[in-house]
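Spelled out, the chains give:
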Amino acid sequence: MTSICIYFEVHQPFRLNRFSVFNIGVNENNKLNYFNRELNQEIFEKVARKCYLPTNQLLLDLINKHNGKFRISFSITGTFVEYCEQHAPSVIESFKELFKTGCVDLIEETYFHSLSSLYDDLDEFEEQVKMHQNMINNVFNYRPKIFRNTEAIYDNRIAKKVEEMGYKGIITEGTEKILHWRSPNYVYKAKNTNLKVLLRNYNLSDDVGFRFSAQNWNGFPLTADKYANWMAKTDGNLINLFMDYETFGEHQWTETGIFDFLDHLPGEILKHNHLDFVTVSEAIDKYEVMGEIDVPWAISWADEDRDVSTWLGNDMQIACFNELKNIGEKLKNTGNQDLINIWRKLQTSDHLYYVSTKGFKDGAVHAYFSHYDNPYDGFINYMNILQDLKQKII
Amino acid sequence: MKIAMIGWEYPPFKAGGLATHCYGLTRSLSDKNIDIDFYMPKTKQKVVSDKKNLIIKEIGETDIFPYDRPEDKELAGHFFESVYRYNDLILEKVKGNYDLIHCHDWLTMKAGIKLKDKLGIPLILSVHSTEYDRSGWLNPNQWFIDIEKEGMEKADKIIAVSHFTKRVIVEKYGINPNKISVIHNAVYPLGTDKKKNIVLFLGRLTIQKGPEFFLMAARKVLDYNQDTQFVVAGTGEMLPTLIDKAVDLGISNKVIFTGLLTEEEVKHIYRISSVYIMPSVSEPFGITALEAISAGTPTIVSKTAGVAEAFNNCLKVDFWDIDEMANKIISLMKYGPLNKTITTEGMQEINLFTWERVAEKTISVYRGVT
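Residues numbered from 1 in each chain as written. Chains lettered and ligands numbered in written order. Predicted model: local features only at pLDDT ≥ 70, side-chain atom pairs only at ≥ 80, totals over all residues. Heavy atoms only, no water.

1. Comments concerning the overall build of chain A
Looking only at helices and strands, one finds 16 helices and ten strands in chain A. For 394 residues, the compact-globule estimate of 2.2 N^0.38 gives 21 Å, and the C-alpha radius of gyration of chain A, at 21 Å, lies within 12% of that figure. In terms of overall dimensions, chain A has a C-alpha envelope of 65 × 45 × 45 Å along the principal axes. Scored against the burial criterion, the 394 residues of chain A give a buried share of 63%. In chain A, the share of contacts with a sequence separation of at least 24, taken over all contacts with a separation of at least 6, comes to 78%. Total accessible area computed for chain A in this model is approximately 15,800 Å², and 48% of it derives from carbon and sulfur atoms. Computed over 41 positive and 55 negative side-chain charges, the separation of the two mean positions in chain A equals 3 Å. (Helix = DSSP H or I, 4+ residues; strand = E, 2+ residues; numbered from the N terminus. Rg over C-alpha atoms; globule rule 2.2 N^0.38 Å. Buried < 20%, exposed > 50% of the residue type's maximum accessible area, 1.4 Å probe, protein only. Contact = heavy atoms within 4.5 Å. Areas by Shrake-Rupley, 256 points an atom, 1.4 Å probe, with all protein chains shown as cover. Lys, Arg positive; Asp, Glu negative; His and termini not counted. Charge placed at Lys NZ, Arg CZ, Asp CG, Glu CD.)

2. Notes on the pairing of strand β2 (residues 72-76) of chain A
In terms of burial, β2(A) is a largely internal element, five of the five residues being buried. What you see with β2(A) is no split at all: A:Ile72, A:Phe74 and A:Ile76 on one side and A:Ser73 and A:Ser75 on the other are buried throughout.

3. Structural notes on the pairing of strand β1 (residues 2-10) of chain A
All names here are of chain A. Summarising burial for β1: nine of the nine residues are buried, a large majority. Residue alternation in β1 divides its side chains into two sets, Thr2, Ile4, Ile6, Phe8 and Val10 and Ser3, Cys5, Tyr7 and Glu9, and both sets are buried. The sheet contact formed by β1 and strand β9 (residues 275-277) spans three bridges and is parallel. Across the sheet, residue threonine 2 finds its bridge partner in β9, namely leucine 275. Where β1 lies against strand β8 (residues 238-244), seven bridges are found, and the strand directions are parallel. Within the sheet, the bridge partner assigned to cysteine 5 lies in β8 and is asparagine 240. Note: β1 against β2, five bridges, orientation parallel. In the strand pairing of β2, phenylalanine 8 is matched with phenylalanine 74. (Pairing = 2+ DSSP bridges.)

4. Observations concerning the domain arrangement of chain A
Residues and elements named next belong to chain A. Taken domain by domain, chain A comprises domain 1 (2-293) and domain 2 (309-393). With centres defined by C-alpha atoms, the gap from domain 1 to domain 2 works out at 23 Å. With 38 residues of domain 1 at the interface, the matching set in domain 2 holds 34 residues. Interface area for domain 1 against domain 2, summed over the two sides, is near 3,200 Å², with a carbon-plus-sulfur share of 61%. Among the residues domain 1 hides against domain 2, the three largest losses belong to Leu16, Tyr34 and Tyr119. Together they make up 19% of the total. In this structure, the connection of domain 1 to domain 2 is made through six salt bridges. (Domains from an automatic or database assignment. Buried area = accessible area lost by both parts, 1.4 Å probe. Salt bridge = Lys/Arg side-chain N within 4 Å of Asp/Glu carboxyl O.)

5. Considering a nonpolar patch on the surface
Taken together, A:Trp253, A:Tyr368 and A:Phe369 make up a surface patch of nonpolar side chains, about 340 Å² in accessible area. Tracing the chain through its elements places A:Phe369 in helix α15 (residues 360-369). (Patch = residues over 30% accessible without salt bridge, like charges linked within 9 Å, V, L, I, M, F, W, Y side chains within 5 Å.)

6. Considerations on the interface of chain B and chain A
Listed by partner, the interface residues are 23 residues for chain B and 19 residues for chain A. Carbon and sulfur atoms supply 64% of the area that chain B and chain A bury against each other, a total of about 1,700 Å² over both sides. The interface formed by chain B and chain A includes three salt bridges. At the junction of chain B and chain A, the tally comes to seven residue pairs in polar contact (both at pLDDT 80 or more). Of all the secondary-structure elements, those providing two or more residues to the side of chain B that touches chain A are α7 (211-224), β13 (315-317), α12 (322-334) and α13 (336-349) of chain B. (Polar contact = N/O pair within 3.5 Å; in protein donor to acceptor, adjacent residues only side chain to side chain.)

7. A word on the packing of aromatic side chains
Residue and element names in this part refer to chain A. In the structure shown here, the tally under the stated rule is 54 aromatic pairs over all chains. The interplanar angle of 90° and the centroid separation of 5.5 Å between the aromatic rings of phenylalanine 8 and phenylalanine 248 together place this pair among those described as edge-to-face. Separated by 240 residues along the polypeptide, phenylalanine 8 in strand β1 and phenylalanine 248 in the loop between β8 and α9 (258-270) bring together distant segments of the chain. Since its relative accessible area comes to 2%, phenylalanine 248 is described here as buried. Note that arginine 306 overlies the ring of tyrosine 202, its terminal NZ or CZ placed 4.6 Å from the centroid. The ring centre of phenylalanine 14 lies 4.6 Å from the NZ or CZ of lysine 345, which sits over that ring. (Phe/Tyr/Trp six-rings, centres within 6.5 Å; stacked < 30°, edge-to-face > 60°. Lys NZ or Arg CZ within 6 Å of the ring centre and 35° of its normal.)

8. Notes on the pattern of salt bridges
By the definition in use, this model includes 49 salt bridges over all chains. When the shortest N-O distance is used, the salt bridge between A:Glu9 and A:Arg148 registers 3.4 Å. Here A:Arg148 lies in strand β4 (residues 146-148) and A:Glu9 lies in strand β1, a separation of 139 residues in the sequence. This pair shows no difference in class: A:Glu9 is buried, exactly as A:Arg148 is. A salt bridge links B:Arg134 to B:Glu148; the shortest N-O distance between them is 2.8 Å. One end of the pair, B:Arg134, is in helix α4 (residues 131-134); the other, B:Glu148, is in helix α5 (residues 142-154), with 14 residues separating them in the sequence.

9. Observations concerning the packing of helix α12 (residues 315-334) of chain A against helix α13 (residues 337-345) of chain A
Residues and elements named next belong to chain A. Contact geometry for α12 and α13: axes closest at 10 Å, N-to-C directions at 165°. Relative to α13, α12 is oriented roughly antiparallel. Note on packing geometry: the crossing formed by α12 with α13 is left-handed. Here Leu324, Ile327, Gly328, Leu331 and Lys332 of α12 lie close against α13, whose contacting residues are Leu339, Ile340, Trp343 and Arg344. (Axes fitted to C-alpha atoms, helices over the stretch in contact; angles between N-to-C directions. Parallel < 35°, antiparallel > 145°, perpendicular 65-115°, else oblique. Left-handed = near helix turned anticlockwise from the far one by under 90°.)

10. With respect to the side chain of A:Ser205
Mapping A:Ser205 onto the fold places it in helix α7 (residues 202-209). Residues in contact with A:Ser205, not counting those within four places in the same chain, are A:Arg200, A:Tyr227, A:Asn240, A:Leu241, A:Phe242 and A:Met243.

11. Things to note about the sheet that holds strand β8 (residues 198-202) of chain B
Within a sheet, adjacent strands bond to each other through the backbone by hydrogen bonds, running parallel or antiparallel. Residue and element names in this part refer to chain B. The six strands are arranged β10-β9-β8-β11-β12-β13 in an open sheet whose pairing can be described as parallel. The open sheet has two edge strands, β10 (255-259) and β13, and neither has a second partner. Strand after strand, the sheet turns through a mean of 20° between neighbouring axes, direction not considered. Bridge analysis of strand β9 (residues 229-233) against β10 gives four bridges, and the strand direction is parallel. Directly across from valine 231, in β10, lies its bridge partner isoleucine 256. Along the sheet, α7 makes contact with β8, β9, β10 and β11 (275-278), crossing β9 at roughly 175°.

12. Description of the nonpolar core
Membership of the largest hydrophobic core comes to 157 residues, with the highest contact counts inside it found for A:Tyr52, A:Leu59, A:Phe74, A:Phe95, A:Phe140, A:Tyr245 and A:Leu346. Counting 54 residues, the second largest nonpolar core, distinct from the first, contains B:Ile3, B:Leu29, B:Met40 and B:Ala308. (Core = buried A, V, L, I, M, F, W, Y, C linked by side-chain atoms within 4.5 Å.)

In structure tokens, the structure reads:
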């Protein structure tokens, strides 16, 4: 038996307003105006219409159609849920509907989809995980058992901390950097812990997430039966297909046939008697550990490099990251909850992603997701805001 | 392959990017075994070539420059005659066995068209700017437009310096896009020097180049930080107006007008400046931006400039957006990591902009007609 474990990341950042050096330290008594409410609402409503609502409906239909055999998992960020509450309550309702079927599992992460796991001490990280835990408890009345850090950032230190916080499993990238000759299609264990590790099969995941509509790819066009056949021929206990939820209808438009593909996928997979579906919690319970992974330096599932250079790859990103950390230390002493909340929203990793100056291949992907003309504009805007916030606490 | 290239300026004599382009292009072409006779007006300084298959042919004197306007006082009354007279001279002097003629911009276009018929060989036309650019899109002169349009129609192939310029050629001159190739400009890297607190404008002081926006941004920057020096390098019809404007803005003690600089002085000022700004209202390419970047100077260019579509590691603004221009100048001075990253990445990217690449692409255009 080989199990298919499908998991979607659901996230939206609070994009920033244009903020020039001339705005720094001005309007001291007014409310801070860092986040671009109009742009954020516009993007959220567009993605809800193109992706979240139709995909949730389709998944609900598929779960009902297959009598509990089609099973999936989600990680939903705190910032995303805030969007739903502000702009589209129907979206969060549709996630609740899915969860009620009993065929859907939820995954823990930091509330703000932040890089707090890379700070010198992990207190802030732990607080943000607890905020996410509370949010999931309030909205879904559930306590996740599996953890996935922001963009699957992972190292031994993070794994240790996640185990201490009571989680049974963690998700990261099935990169050769840590696996060498070994297959991602088994359950592993984090070094010096009993924490189980699920590794993303990036080839099969990216076939859908990145390559689905690439006409120059030799797998094009990708149909559900072809894809199911590939999986039927794959060795191992478990195939972890992890991708952005926005793949459906947003990164891959409706016209590419992505919804037809998804519609037929469970049926085509279940035609093979040795394939079934599991949620992330079931995967951990069902399969024995086949080996250990040792990750002294942080990896992630981002870009070709599969490390943290996506967010900390140049001097500008490192300067922003350090500034953000330093502000936090001072800010926490003030106990000003409003400012702390704003500071946390600024920690969302997307703000640093926009400042990446990586080469043209990944650069094109970065540009697709960015609302700035280039990384330099992203830096100026973000750094100006950090300077303003810093002035507020002195 | 042997070509007759008809130009207007060539280092050491130069008034603009055309000379820089012709110099880089002809030398790289000659390295690729293309024989070139380069025809140009006689100037005060003797122009020479050290390459056997690149011959500079001076064909008599003229008092016209490619950036002159009929309304310029010094040429009052005889502008059009001068142009016609020089074109007739070219027609008479260009002789030999050539595979094609390659012309640059409006000034020699009439001669190019006639030579094409006379010698029965193809005509290639490089468009470095159009009348719309030079007039800053205000009151373009129909006389130039007619000449340009005729040349573009008669040319077998057109080389545009940017997609921006290609669009102008298609939309304003009604030319078939299939006969236009885009070849972005290049630069011989200048190398850097110890930086001073200088923000630089360098170019002809005409409406096209947007120098008044530079002064207005300077005012904003100086409100924020008094320790910055602004330099306006170059000369042109707007010089007196700009000096008045600096006085009106109360920044005359912070702005230096250098007048026309020698080539060595230009290189020096690029190398010691901390920020270069090219706020052009209309800029087909903007070779000066590449020069500044190659001197390790972080550069801010107009969003619509040709260079903005080709080059990643520079900052881009709308030329009229003074606040944003000032925001970017201050940020470049204030944030070391920004300055360092854009300089390092820019100096790497500049290595892709070689004249060898321009020559290769130009040769493939030549091959398409011979």
